[in-house]
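The residues making up each chain are set out below.
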Amino acid sequence: MYSEPTTFSAEEYFATQLPPPTLQHEIERVREFISRQAKEGRNVVLVTSGGTTVPLELNVVRFLDNFSAGTRGATSAEYFLKAGYAVIFMHRQFSLQPFSRHYSHSTNPFLDFLEIDGVDQEGSPPIVSVTPSKRADLLDVLTMYKAVHAEGTLHTLTFVTVNDYLWLLRAVSQELSVLERKAMFYLAAAVSDFFLPRQRMSEHKIQSGKGSLHIEMDQVPKILKPMVDEWTKDGFIVSFKLETDDNLLLPKAKAALERYGHQVVIGNDLHRRKYEVVFVSRKAGTSPRASPPGSPTSAANEDQFEEYWLRIPIPDASIPPHQVKEIEEDIIVELVKRHTAWVSRT
Ligand code: 9Z3
């Protein structure tokens, strides 16, 4: 038992924080999914999506949240499926999901394009139909949704808290290590940097009687390091870096690659994320130097990275949503190309 804020290593984190109760069961299903995909010769990508929460109480009433609607993850999962990958879609409960995202209750509620026909004809039950102008788009989405279900190439997992996320990520990564280079990790979830260890959480709702609220949170361990070194075996790992200050995006992306030694960091600015991203990766023939956590990337190391910018035009508001180009389409084309080269390397 401890009460002071600490910096946890990943190992200490998992030794002191409890796993979600359904973890074992979830992982057995993931194992079956991976083994079937391996037999059928598919590459498998783990897509993480949506924001994690950090509960402030054990009987949780209040929590800290990370911004993410889940658009990046859900959209990318669809393009991976189209490219022939099997997808483990690990997402925040109630965030967007592949296929159903096209009919989100807030942007395109499906009840708005259903019609009730034949209500006036006595004796015959009314028929529900789809508004003719919406049929072609619905048919496209539905056809792919049904095909993916029939092939069994999409497996969905749900998290809410950063604790659920960390336990699931570790377990799924370990399971995927059997695929070695054929596994890809696409870490688009918005993950909290801070958390409150359960040992310091109030059991019941925090009361307001004492005036202002002061909470000191610990740092979430940097899990990319053990993910690269221990949990996975030669998987192709892509992380995302989100910033709101343009000047930080490239230095932070390069520092992450330097420190963790994975394959790609995709940098995105909060406000331009739908139209512009930058892939940062190591130049061929360079290798990461061991650097202590928190150390900045030195100027010399800057030469070892390459940047690849992807941009699409900002769509005109008059273009119907289903005709708008999605940047994830180009992101996935580029990643599939890089992953294919990675798989064929020995
Ligand atoms: C991202 O940067 C995602 O692209 C977004 C997608 C969260 C911006 P939406 O779901 O947004 O389409 O609304 N994800 C990673 C964010 C993150 O937490 N990255 C960590 C960091 O920046 C590193 S793993 O430190």
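Residues numbered from 1 in each chain as written. Predicted model: local features only at pLDDT ≥ 70, side-chain atom pairs only at ≥ 80, totals over all residues.

Rules: UniProt positions are given in the numbering used here, feature names are shortened, and annotations may be inferred rather than shown by experiment.
In the nomenclature of an unreviewed UniProt entry, the protein is known as DNA/pantothenate metabolism flavoprotein C-terminal domain-containing protein of Candolleomyces aberdarensis. The Sequence similarities (unreviewed entry) field of the UniProt record for the protein holds the comment "Belongs to the PPC synthetase family."

Observations concerning the nonpolar core
As a reminder, the rule being used: Residues enter a nonpolar core if they are buried, belong to Ala, Val, Leu, Ile, Met, Phe, Trp, Tyr or Cys, and are joined to the set through C-beta atoms within 7 Å. Three exposure classes are used. Buried residues have 20 or more other C-beta atoms within 10 Å of their own C-beta, exposed residues have 12 or fewer, and partly exposed residues fall in between, all C-beta atoms being placed from the backbone. For helices the rule is a DSSP run of H or I covering at least 4 residues; for strands it is a run of E covering at least 2, with both sets numbered from the N terminus onward. Start and end points for every domain follow an automatic or database-based domain assignment. Any residue pair is listed as a contact if its two C-beta atoms, each placed from the backbone, are within 7 Å.
Counting 71 residues, the largest nonpolar core has V47, V87, I88 and V238 as its most contacted members. Residue contributions to this core peak at nine residues, all from helix α5 (residues 162-176). When we break this core down by domain, the ones giving at least three residues each are domain 1 (1-98 + 146-234) and domain 2 (241-346). What V87 contacts, discounting residues up to four positions off in sequence, is V45, V47, A77, F80, L81, T153 and L154.

Some details on the confidence of the model for the protein
To be explicit about the condition: Each residue carries a pLDDT score, the predictor's confidence in it, ranging from 0 to 100.
Per-residue confidence for the protein gives a mean pLDDT of 92, with 94% of residues at or over 70. Element-level mean pLDDT values for the protein span from 60 in helix α8 (residues 299-302) up to 99 in strand β4 (residues 86-92). Here the complex is predicted with pTM 0.94, and the ipTM for its interfaces comes to 0.96.

Observations concerning the UniProt feature "domain: DNA/pantothenate metabolism flavoprotein C-terminal" (unreviewed entry) in the protein
The positions UniProt marks with the feature "domain: DNA/pantothenate metabolism flavoprotein C-terminal" (unreviewed entry) are residues 161-273. Summarising residues 161-273: 34% helix, 20% strand, and an end-to-end C-alpha distance of 24 Å.

What about helix α3 (residues 71-82)?
Test applied: Here the expected span of a helix is defined as 1.5 Å times the quantity of residues minus one.
In this model α3 runs 17 Å from its N-terminal to its C-terminal C-alpha over 12 residues, within 8% of the 16 Å that 1.5 Å per residue would give. Within α3, the full set of buried residues consists of R72, G73, A74, T75, S76, A77, E78, Y79, F80 and L81. For α3, the elements touching its buried residues are β1 (44-49), β4, α4 (135-151), β7 (154-159), β8 (183-187) and α9 (327-344).

So, the site of the ligand
Counted only if it meets this: For each residue, a C-beta atom is positioned from the backbone; the residue is called near a molecule or strand if that atom sits within 6 Å of it. Residue polarity follows a fixed list, in which Ala, Val, Leu, Ile, Met, Phe, Trp, Tyr, Cys and Pro are nonpolar, Asp, Glu, Lys and Arg are charged, and the others, Gly among them, are polar.
Neighbouring the ligand are 15 residues, the closest being S68, T71, R72, F240 and L242. Of all the secondary-structure elements, those providing two or more residues to the shell around the ligand are α3 and β11 (236-243). Tallying contributions element by element places β11 first for the shell around the ligand, with four residues. For the shell around the ligand, the class distribution of residues is seven nonpolar, five polar and three charged.

Some details on α9
Look at α9: 26 Å from first C-alpha to last across 18 residues, which is about the 26 Å you get at 1.5 Å a residue. In this fold, the buried residues of α9 make contact with α3, β8, β11, β12 (264-269), β13 (276-282) and β14 (305-311).

Overview of the environment of T75
Of note, T75 is situated in helix α3. Under the C-beta neighbour-count criterion, T75 is labelled buried, with 24 such atoms within 10 Å. Sequence separation between T75 and I332 is 257 residues; the distance between their C-alpha atoms is 10.0 Å.

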